[in-house]
Amino acid sequence: MEQLTGLDAAFLYMDQENSPMHIGSVAIYDPSTAPGGFVRYKDILKFVEDRLPLANTFRRGLANVPFGIDHPYWVEVEDFNLEYHVRHVALPKPGDWRQLCIQAARIMARPLDLTKPLWEFTIIEGLDHVEGVPKGSYAIISKIHHSAIDGMSGVDIMNALHTINPDDTLPVLEDTWKPEKKPSAVEMAVRGYLGNVKQPFKWVEMAGKTLPGLARTIKGLLTKEFSLGQAMAVPRTRFNNKISAHRVIEGVAFDLARIKEIKTGVPGAKVNDVMLTIVGGAMRKYLESKAELPETTLVAMAPVSVRTNDESGSLGNQVSAMMVQLGSDIADPLERILSIANHTQEQKALTNALGARQMSELSKTAPALFTGIAARLYTQFGLANSTKPFFNTVVTNVPGPPIPIYMNGAQMVKYYGLLCLFDGLGLGHVVMSYDKEVTITITADREMMPDPDFYAECLQQSYDELELVVLGANQKKAPAKKKAKAKAAPKRKAPAKKKTAAKKKTAAKLEAEPSEPSLEQKTG
């Protein structure tokens, strides 16, 4: 048995009726590249079954400590049933993008059964009218509890379930997995008691590791290398209240080479700064259309992975976090990206001073009883409605495979990331790169964002404006990579704003360079 850390267990304690804490993805496959040109449900079952030894997550469940006096443990379950976890449905006709998003939102809104291994795959057929997707394609919607994985370990699982070539075969693997008998309540109570006895020693150890980071932070604040000002100036928006049980999902795809050209055209900018600028512009447009745009900038929380190569494939979360200003108070997209690039450099310096790894380890020592009670009270009393938000949204960036990959010989043609919401976080963004595309997928509370197709238009318009001001109108524009044609949203009357003079900047078109990991390789 392996015990969950305080950080992993926190995602379990936050799992409430309105906020199931799983993350996932929507992957779309073209079966024409598979043997015979089609893939059956039983083929996918066999493919997943053969790869179960490659990922520990698949056959592990929870063993809870009585009364929640200590964090739960992972145990190899005795009654694992693959067909329970791999499901099969079809979209009603016409089978378009909007229907796929609605089905994905319904699936993601349903909590996982915490008495079984914490994952599900849903195969969805009938995608015959999704623009840019070959007819006959199918999707797989995955959801895995956040207590078991972070974004980077999710990529590890995805790699275990795919091949580089359509006809690659899996070498014969020795399955050494053995089920464990679930421990008794008495045994778990003893473990919980011993764990609490050891806890003060863990705190002392972690305090010693974090003191140097605290000293570096104080020095950086005194020398004005960075500041904590954004933590005190986060405005409240419609997305920072108690959430409902209902979800909406949308996604927009962009040409990755074009994104890199924009990055090259702005001195000091990174690919991640480009994506943050697009999100900041989209949120500005959306809130402005509701006459709700705050005067101060919105702030995003960006998870930062601290997972080492030795921890590849391990369960749980190895993440820290960075707070980033989105420049939503800046109308000019060029000024916005310059501001974001400058601010992210400052925040990286702060994160490095604190020690992202040390802060992640410190979060894992949180006591079980306190963490569990705090999570339940936060939801029960709707504290998100009255407390000051720490951030307005999440923008997590996950680098996916830079080349096409295959499952059962079917090529994955689209890849969108999904995340969980909780009270105080009603809108989240996943930036996911795959092959020649990069996508921004949003998960939102349906009561807070009843018009996700309009927000998708805001994302596209924000990108178009940034591309125009950085690269200019004379450069040949890359073909649009749209996921589906959304219905035109009704025009919304925006409040009068002062015009900001656009600064024009033209950069020479450069050849595409190797994919650049964002946020220092990382995200949760």
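In this numbering scheme, every chain counts its residues from 1 along its sequence in written order. Thresholds applied to this predicted model are a pLDDT of at least 70 for local features of residues and 80 or more for the giving and counting of side-chain atom pairs; totals over whole chains, interfaces and linings are not thresholded and use all residues. Side-chain metrics in this entry use all non-hydrogen atoms of the structure; hydrogen atoms and water are not considered.

### Digging into the sheet that holds strand β13 (residues 410–418)
Read from one edge to the other, the open sheet built from 6 strands follows the order β5-β6-β7-β2-β13-β12, with strand pairing classed as mixed. At either end of the open sheet lies a strand with only one pairing partner, and these are β5 (86–90) and β12 (406–407). Here 2 bridges tie β12 to β13, and the two strands are oriented antiparallel to one another. Across the sheet, the residue bridging to Met407 is Ala410, located in β13. Running at roughly 155 degrees to β5, helix α2 (residues 41–50) makes contact with β5, β6 (119–127), β7 (137–145) and β12 of the sheet. Here, strands pair whenever DSSP counts at least two bridges between them. Helix and strand assignments come from DSSP, with helices taken as H or I runs of at least 4 residues and strands as E runs of at least 2, each series counted from the N terminus. In what follows, residue pairs with any heavy atoms lying within 4.5 Å of each other are defined as contacts. Angles run from 0 to 180 degrees between N-to-C directions of axes, and those axes are lines fitted to C-alpha atoms, restricted for helices to the stretch in contact.

### Section: the sheet that holds strand β3 (residues 60–63)
Spatial ordering of the open sheet is given by β1-β4-β3, a layout of 3 strands whose pairing is antiparallel. Strand pairing shows two members of the sheet lacking a second neighbour, β1 (2–3) and β3, which therefore form its edges.

### What to know about the confidence of the model for the protein chain
Any region with low pLDDT has predicted coordinates that should not be read closely. For the protein chain, per-residue confidence averages 81 on the pLDDT scale, and residues scoring 70 or more make up 74% of the total. Least confident of the elements in the protein chain is helix α10 (residues 356–363), whose mean pLDDT is 50; most confident is strand β15 (residues 437–445), at 98. Across residues 482–524, where pLDDT falls below 50, the model places 92 contacts with residues more than four positions away in sequence or in other chains. Residue-level confidence of the predictor is what pLDDT reports, using numbers from 0 through 100.

### Topic: the packing of aromatic side chains
Aromatic rings from Phe, Tyr and Trp, with only the six-membered ring used for Trp, were paired whenever their centres fell within 6.5 Å, and each pair was classed as stacked if the ring planes differed by under 30 degrees, edge-to-face if by over 60, and tilted otherwise. Evaluation of the coordinates by the stated rule reveals 10 aromatic pairs. The interplanar angle of 65 degrees and the centroid separation of 4.9 Å between the aromatic rings of Trp119 and Phe121 together place this pair among those described as edge-to-face. Per-residue accessibility, obtained with a 1.4 Å probe over protein chains only, is compared with the maximum for each type, and a residue is labelled buried under 20%, exposed over 50%, and partly exposed between these values. Classification of Trp119 as buried rests on a relative accessible area of 0%. Between Tyr286 and Tyr455 the ring centres are 5.7 Å apart and the planes differ by 80 degrees, which places this aromatic pair in the edge-to-face class. Separated by 169 residues along the polypeptide, Tyr286 in helix α8 (residues 271–289) and Tyr455 in helix α12 (residues 452–471) bring together distant segments of the chain. With relative accessibility at 1%, the residue Tyr286 sits in the buried group. Ring pairs connect the aromatic residues Phe239, Tyr286, Phe454 and Tyr455, which therefore count as one cluster. Criterion for a charge above a ring: Arg CZ or Lys NZ at most 6 Å from the ring centre, at most 35 degrees from the ring normal. Just above the ring of Phe47 sits the side chain of Arg51; from NZ or CZ to the centre is 3.6 Å.

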